[in-house]
There are 2 protein chains.
Amino acid sequence: MSVSSDKCDKWDKSYDETISLRGFRFTKQRRHVYDALMARRDHPTAVEVFLRTKKEMPSISLATVYNCLETLTECGLVRHVNHDRAPSRYCPNLEEHGHFFCDDCGAVFDVPLRKREKAGQWELPTGTVVTNHEVALRGLCAACAKKQV
Amino acid sequence: MSVSSDKCDKWDKSYDETISLRGFRFTKQRRHVYDALMARRDHPTAVEVFLRTKKEMPSISLATVYNCLETLTECGLVRHVNHDRAPSRYCPNLEEHGHFFCDDCGAVFDVPLRKREKAGQWELPTGTVVTNHEVALRGLCAACAKKQV
DNA sequence: CTAGGTGCAAAAGGTTTGCGGTTAA
DNA sequence: TTAACCGCAAACCTTTTGCACCTAG
């Protein structure tokens, strides 16, 4: 199977380069995992990514999907999204953003952060260095809120 | 062992009542678990709570600590604090607040939220209901940041 | 007295790892 | 060619559960 004959056509050269630059190989498995993530930005779990990837590449294993997700995360192409102790979800949106979790249907949405949330000078001890911050919102999505009535 | 002869003296009547009101029993195990949490507000994991509680009550089991933490959480006396896939930590601070996680030493601090973070009207689809929000900051605590130099 | 809680051990569930064979560069 | 990667299965680790006994109310 050549690269140009499969779904990987849509890969942007820069992703290839991003992976190579980090000293990782650009394998079919990694491409398919990344494609699965880009195709539907609905924050799938590793198992969901596995099932979707399996359709294109039936031989792939769950362990490989986990490994690929790990590698892509290390490359900065993908972000881990954790909520409580639920299975990790994965997100290819690299913009700084928060997440909304629907308590009813389990949907996960990206939430844009405005300047003030990004900037946030927190009340922290002098000398503390903040490198990253995450915002998680919970509640009911519009559809579920409507049903509740 | 009577209640008044052990460390449970410091229990505020209201905790007792809070538990009773929910239809739960006020057991020694639950008291000791809660005490362990109140004694050092350093966001221990369940295993750490277990080890601390075991000193006062050697017969307690880890499963019971998990059960007690669960019950106390249901009563609203304790909050779960999750970060990535690391073991859950527990926190008796009921004020609305965020958490700072030191990447180097693993320390966890409470971070007060100011009005604007609390208020935050997020850019969400119309009809979305937000019931809860969490802020997690990562970086280096003052001590670790100093060492890095 | 008795429903609910505890302790134990075993199971569950997500994720990681060791290893022999495979493949991108 | 060869170091990195894959697939498989087994291990890991945190958390939950089933069950017999115990205890707070």
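Residues numbered from 1 in each chain as written. Chains lettered and ligands numbered in written order. Predicted model: local features only at pLDDT ≥ 70, side-chain atom pairs only at ≥ 80, totals over all residues. Heavy atoms only, no water.

Student: What should I look at first to understand the environment of Phe-50 of chain B in this one?
Tutor: Residues and elements named next belong to chain B. Of note, Phe-50 is situated in helix α3 (residues 46–56). For the pair formed by Phe-50 and Val-135, sequence separation is 85 residues and the distance between their alpha carbons is 27 Å. Ignoring sequence-local partners within four residues, the contact set of Phe-50 consists of Ile-60, Ser-61, Leu-62 and Val-65. (Helix = DSSP H or I, 4+ residues; strand = E, 2+ residues; numbered from the N terminus. Contact = heavy atoms within 4.5 Å.)

Student: How should I be thinking about the packing of helix α2 (residues 28–39) of chain B against α3 of chain B in this particular structure?
Tutor: Each pair of packed helices can be summarised by the angle the axes make with each other and by the distance between the axes. All names here are of chain B. Relative to each other, α2 and α3 sit at 115°, their axes nearing to 9 Å. In this structure, the crossing between α2 and α3 has a hand that is right-handed. Seen from α2, the contacting residues are His-32, Val-33, Ala-36 and Leu-37; seen from α3, they are Val-49, Arg-52, Thr-53 and Glu-56. By residue class, the composition of the contact of α2 with α3 is four nonpolar, two polar and two charged. (Axes fitted to C-alpha atoms, helices over the stretch in contact; angles between N-to-C directions. Left-handed = near helix turned anticlockwise from the far one by under 90°. Nonpolar A, V, L, I, M, F, W, Y, C, P; charged D, E, K, R; others polar.)

Student: Can you walk me through the protein's contact with DNA strand D in this structure?
Tutor: For DNA strand D, the set of nearby residues contains 21 residues, the closest of which are Arg-25, Thr-27, Arg-30 and Thr-64 of chain A together with Tyr-66 of chain B. Among the atoms of DNA strand D close to the protein, meaning within 4 Å, 66% are from sugar or phosphate groups. Within the side chain of Arg-25 of chain A, a nitrogen or oxygen atom sits 2.5 Å from a base nitrogen of DNA strand D. At 3.2 Å, a side-chain N or O of Arg-85 of chain A approaches a phosphate oxygen of DNA strand D. (Near = heavy atom within 4 Å. Polar contact = N/O pair within 3.5 Å; in protein donor to acceptor, adjacent residues only side chain to side chain.)

Student: What should I look at first to understand the interface of chain A and chain B in this one?
Tutor: The accessible area lost on association of the parts is a frequent measure of interface size. Facing the 37 residues of chain A at the interface are 37 residues of chain B. Contact between chain A and chain B buries roughly 3,300 Å² in total, counting both sides, with carbon and sulfur atoms accounting for 53%. Joining chain A to chain B, the criterion identifies 13 residue pairs in polar contact (both at pLDDT 80 or more). At the level of elements, β4 (108–112), α5 (115–119), β5 (129–140) and α6 (142–148) of chain A are the ones that each hand at least two residues to the side of chain A that touches chain B. It is β5 of chain A that contributes the most residues to the side of chain A that touches chain B, 12 residues altogether. In this structure, β5 of chain A lies alongside strand β5 (residues 129–140) of chain B, joined through 11 bridges in antiparallel fashion. Looking across to β5 of chain B, one finds that Val-129 of chain A is bridged to Leu-140 of chain B. (Buried area = accessible area lost by both parts, 1.4 Å probe. Pairing = 2+ DSSP bridges.)

Student: Looking at this structure, I do not really get the confidence of the model for chain A. What am I missing?
Tutor: Any segment with low pLDDT has predicted coordinates that should not be analysed in fine detail. Residue and element names in this part refer to chain A. Summarising the model, chain A shows a mean pLDDT of 88, and 87% of its residues fall at 70 or more. No element of chain A has a lower mean pLDDT than α5, which averages 64, and none a higher one than helix α3 (residues 46–56), which averages 98. Predicted confidence is poor over residues 1–9, with pLDDT under 50, and the contacts of this stretch with residues over four places away or in other chains come to 13 contacts. (pLDDT = per-residue confidence, 0-100.)

Student: Before we go on, may I ask you to explain the protein's contact with DNA strand C in this structure?
Tutor: Of all residues adjacent to DNA strand C, which total 20 residues, the nearest are Tyr-66 of chain A together with Arg-25, Thr-27, Arg-30 and Thr-64 of chain B. Restricting the count to atoms of DNA strand C within 4 Å of the protein gives a sugar and phosphate share of 68%. Separating a phosphate oxygen of DNA strand C from a side-chain N or O atom of Thr-27 of chain B is a distance of 2.7 Å. For DNA strand C, a phosphate oxygen lies 2.5 Å from a polar atom in the side chain of Thr-64 of chain B. Of all the secondary-structure elements, those providing two or more residues to the surface near DNA strand C are α4 (62–74) of chain A together with α2 and α4 (62–74) of chain B.

Student: So what exactly am I meant to see when it comes to the side chain of His-99 of chain B here?
Tutor: Residue and element names in this part refer to chain B. For His-99, the position within the fold is in strand β3 (residues 97–102). Owing to a relative accessible area of 5%, His-99 belongs among the buried residues under this scheme. Only 3.4 Å separates the side chain of His-99 from the side chain of His-43, close enough to count as a polar contact. With near-sequence residues (within four places) excluded, His-99 lies in contact with His-43, Arg-79, Val-81, Cys-91, Val-108, Phe-109, Asp-110, Val-111, Val-135, Ala-136 and Leu-137. (Buried < 20%, exposed > 50% of the residue type's maximum accessible area, 1.4 Å probe, protein only.)

Student: So what exactly am I meant to see when it comes to the sheet that holds β4 of chain A here?
Tutor: Sheet strands pair via backbone hydrogen bonds, and the direction of the pair is either parallel or antiparallel. An order of β4(A)-β3(A)-β5(A)-β5(B)-β3(B)-β4(B) is seen for the six strands of this open sheet, with the pairing classed as mixed. Every other strand in the sheet has two partners, leaving β4 of chain A together with β4 (108–112) of chain B as the edge strands with one partner each. Taking the axes of each pair of neighbouring strands and ignoring which way they run, one obtains an average angle of 25° across the sheet.

Student: Even after reading the chapter, I still don't get the side chain of Asn-93 of chain A, so can you show me in this structure?
Tutor: Residues and elements named next belong to chain A. Relative to the helices and strands, Asn-93 is located in the loop between β2 (89–91) and β3 (97–102). Judged by its relative accessible area of 16%, Asn-93 is buried. From its side chain, Asn-93 meets the backbone nitrogen of Glu-95 in a polar contact 2.9 Å long. Ignoring any residue separated from it by four or fewer positions in sequence, one finds Asn-93 in contact with Arg-41, Arg-79 and Asp-110.

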